[in-house]
Amino acid sequence: MHALTDTADFWLQLKKEARQIVDEEPLLASFIHACILTHHNFESSLSFILSNKMADDVMPALAIREVFDEAYLLEPGISEAAIADILAIKARDAAVNDYLTPLLHFKGFHAVQVHRMAHYLWVHGRHQLALFLQSRNSASFGVDIHPAARIGKGVMFDHATGIVVGETAVVEDNVSI
């Protein structure tokens, strides 16, 4: 088993990479602090990043973040899948040299993680909120994944623009698109 599959070890690695970015590129310090260094764990950081990308004029980031935080707490497999996705991206994408880059910048990664939230809501009967996230995901990232679609872990949507995954689709573990 890869050492970074442990959530705590993975989080320590992300914080180490974040501090290095702050040292190398001071203009990004406030962004890195807001997204990574002010958070106590990976899930908190991920919910902050995603909720800010999903927010719009009528749905504030804080409301979305509460839903994400609840899902991470009640379904630890969601954050474990996110870590597996980042590990897969680093392993399969020659342009990626660290773990922080996909978390901060890759819309394919972001789209898959938002889908995981929409799917969580869908299976818990919160269909309208799940469809809202699907719509925001499509508008924000150009990726349209129905909340009922099932996506495994270790998934990489490279570039991602224009990907459509229908309601009955199943994307297995360790798939790159």
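Residues numbered from 1 in each chain as written. Predicted model: local features only at pLDDT ≥ 70, side-chain atom pairs only at ≥ 80, totals over all residues. Heavy atoms only, no water.

Draft legend 1. Molecular detail of the side chain of Asp85. By secondary structure assignment, the location of Asp85 is in helix H5 (residues 76-92). Given a relative accessible area of 0%, Asp85 falls into the buried group. A polar contact of 2.9 Å, which involves the side chain of Asp85, links it to the backbone nitrogen of Gly154. Apart from residues no more than four positions distant in its own chain, Asp85 is found in contact with Phe109, Val112, Gln113, Arg116, Gly152, Lys153, Gly154 and Val155. (Helix = DSSP H or I, 4+ residues; strand = E, 2+ residues; numbered from the N terminus. Buried < 20%, exposed > 50% of the residue type's maximum accessible area, 1.4 Å probe, protein only. Polar contact = N/O pair within 3.5 Å; in protein donor to acceptor, adjacent residues only side chain to side chain. Contact = heavy atoms within 4.5 Å.)

Draft legend 2. Highlighting H5. Taking 1.5 Å of rise per residue, the 17 residues of H5 would be expected to cover 24 Å, and the 24 Å separating its terminal C-alpha atoms lies within 8% of that figure. Within H5, the full set of buried residues consists of Ile78, Ser79, Ala81, Ala82, Ile83, Ala84, Asp85, Ile86, Leu87, Ala88 and Ile89. Of the surrounding secondary structure, the elements contacted by the buried residues of H5 are helix H1 (7-24), helix H3 (42-54), helix H4 (61-74), helix H6 (100-105) and helix H7 (107-123). (Expected span 1.5 Å × (residues − 1).)

Draft legend 3. Representation of the nonpolar core. Of all hydrophobic cores here, the largest spans 54 residues; its most connected members are Ile36, Phe42, Leu103, Leu133 and Phe157. For this core, the elements supplying multiple residues, two or more each, are H1, helix H2 (29-37), H3, H4, H5, H6, H7 and helix H8 (127-141). In terms of residue count, the dominant contributor to this core is H7 (nine residues). (Core = buried A, V, L, I, M, F, W, Y, C linked by side-chain atoms within 4.5 Å.)

Draft legend 4. Geometry of the packing of H7 against H8. As a packed pair, H7 and H8 sit with axes 8 Å apart at the nearest point and diverge in direction by 170 degrees. Our classification of the angle between H7 and H8 gives roughly antiparallel. Taking contact as the criterion, the partners of Lys107, His110, Ala111, Val114, His115, Met117, Ala118, Leu121 and Trp122 in H7 are, on H8, His127, Leu129, Ala130, Leu131, Leu133, Asn137 and Phe141. (Axes fitted to C-alpha atoms, helices over the stretch in contact; angles between N-to-C directions. Parallel < 35°, antiparallel > 145°, perpendicular 65-115°, else oblique.)

Draft legend 5. The arrangement of the pattern of salt bridges in detail. Applying the stated criterion across every chain yields a total of five salt bridges. Between Asp56 and Arg136 there is a salt bridge, with its nearest N and O atoms 3.9 Å apart. Placement of Asp56 in the loop between H3 and H4 and of Arg136 in helix H8 is noted, with a sequence separation of 80 residues between them. Judged by its relative accessible area of 29%, Asp56 is partly exposed. Overall, the relative accessible area of 17% leaves Arg136 in the buried class. (Salt bridge = Lys/Arg side-chain N within 4 Å of Asp/Glu carboxyl O.)

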